[in-house]
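Here is how the chains run, residue by residue.
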Amino acid sequence: MVTAPLRLGVNIDHVATIRNARGGSYPDPIRAALIAQEAGADGITAHLREDRRHIIDEDIGHLIAAISLPLNMEMAATGEMVEIALRHRPHAACIVPERREEVTTEGGLNAAGQHNHLQPLIARMRDAGIRVSLFIEPDPMQIEAAISLEVPVIELHTGKYAHSDGEERAAELRRIADAAALASKNGLEAHAGHGLTFDNVAPIAAIPQIRELNIGHFLIAEAIFDGLAPVVQRMRALMDAAR
Ligand code: PXP
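On a predicted model such as this, the values are computed, not experimentally measured, just so you know.

Asker: Please set out the site of the ligand residue by residue, giving values where relevant.
Answerer: As a matter of local geometry, the ligand sits amid 13 residues, with Glu 74, Glu 155, Gly 195, Gly 216 and His 217 nearest to it. Here an oxygen atom of the ligand and a side-chain polar atom of Glu 74 are 3.1 Å apart. At a separation of 2.5 Å, a nitrogen atom of the ligand approaches a polar side-chain atom of Glu 155. If the ligand stood free it would expose 400 Å²; the protein chains cover 94% of that surface. Across the shell around the ligand, the residue classes tally to three nonpolar, seven polar and three charged.

Below you can see the structure in the form of structure tokens.
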């Protein structure tokens, strides 16, 4: 059996985090998206949070206008976010749980417990041609809920896998593999993401039913080191040339 290709969605949120630290216009997350596109990304992911701590409203329109890759907009299940998604019509919208005080998305969406709240929001986006996914824990109950909500895609939360080790990590990897198999058997496309790094990506990437990984924080963090030397050298050269 030939394993289907695995797409890479690059999350550029944390370029915007650094931009917002000074409130100016750089580093520009759109420029980062274009570099990721050039470097072989298959999609760009951006999370418009309720508190706008990284991506802001204008970024969504600018991203869609600038990139030729599909945009996956991560969003909370609120009326405000659905209106924004309907206005911009990104290729995909991934519904994530959101609490203002959290540092990052700390757990999967409780799709099983929120069926009646989610159903109309999902229907409105589906009718607008947006591919809706649910960011859930690798738990059969949540997969069943996603099936009953008739979404085409689920994204499995790899945070627990990424932040554990030993037997606990092995058990979580099995849960993710089983969840991906269950989703795929029921016609759902399985994606995964959160906390993935050079060191922990391979076992997740080897799960044949997973079709896409969304990776952000580590890539932006690593880029500081892989890309810093030429920037310092260029500044040095410009200073030297001015003397
Ligand atoms: N997928 C989803 C649904 C997320 O919310 C996030 C974090 O914004 C990611 C993937 C990427 O996680 P990380 O930044 O840890 O790579």
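The rest of the description comes next.
Asker: Break down the sheet that holds strand S5 (residues 131-136) for me, citing the residues and quoting the values.
Answerer: A barrel is described by the order of its strands in space; here eight strands give the closed sequence S1-S2-S3-S4-S5-S6-S7-S8, paired in parallel fashion. Adjacent strand axes in the sheet meet at a mean angle of 25 degrees when their direction is disregarded. Where strand S3 (residues 71-75) meets strand S4 (residues 92-95), four bridges bridge the pair, whose relative direction is parallel. The residue of S4 that forms the bridge with Asn 72 is Ala 92.

What counts, and at which threshold
Residues numbered from 1 in each chain as written. Predicted model: local features only at pLDDT ≥ 70, side-chain atom pairs only at ≥ 80, totals over all residues. Heavy atoms only, no water. Near = heavy atom within 4 Å. Polar contact = N/O pair within 3.5 Å; in protein donor to acceptor, adjacent residues only side chain to side chain. Areas by Shrake-Rupley, 256 points an atom, 1.4 Å probe, with all protein chains shown as cover. Nonpolar A, V, L, I, M, F, W, Y, C, P; charged D, E, K, R; others polar. Pairing = 2+ DSSP bridges. Helix = DSSP H or I, 4+ residues; strand = E, 2+ residues; numbered from the N terminus. Axes fitted to C-alpha atoms, helices over the stretch in contact; angles between N-to-C directions.

All quantities given are derived from atomic positions and should not be read as evidence of function.
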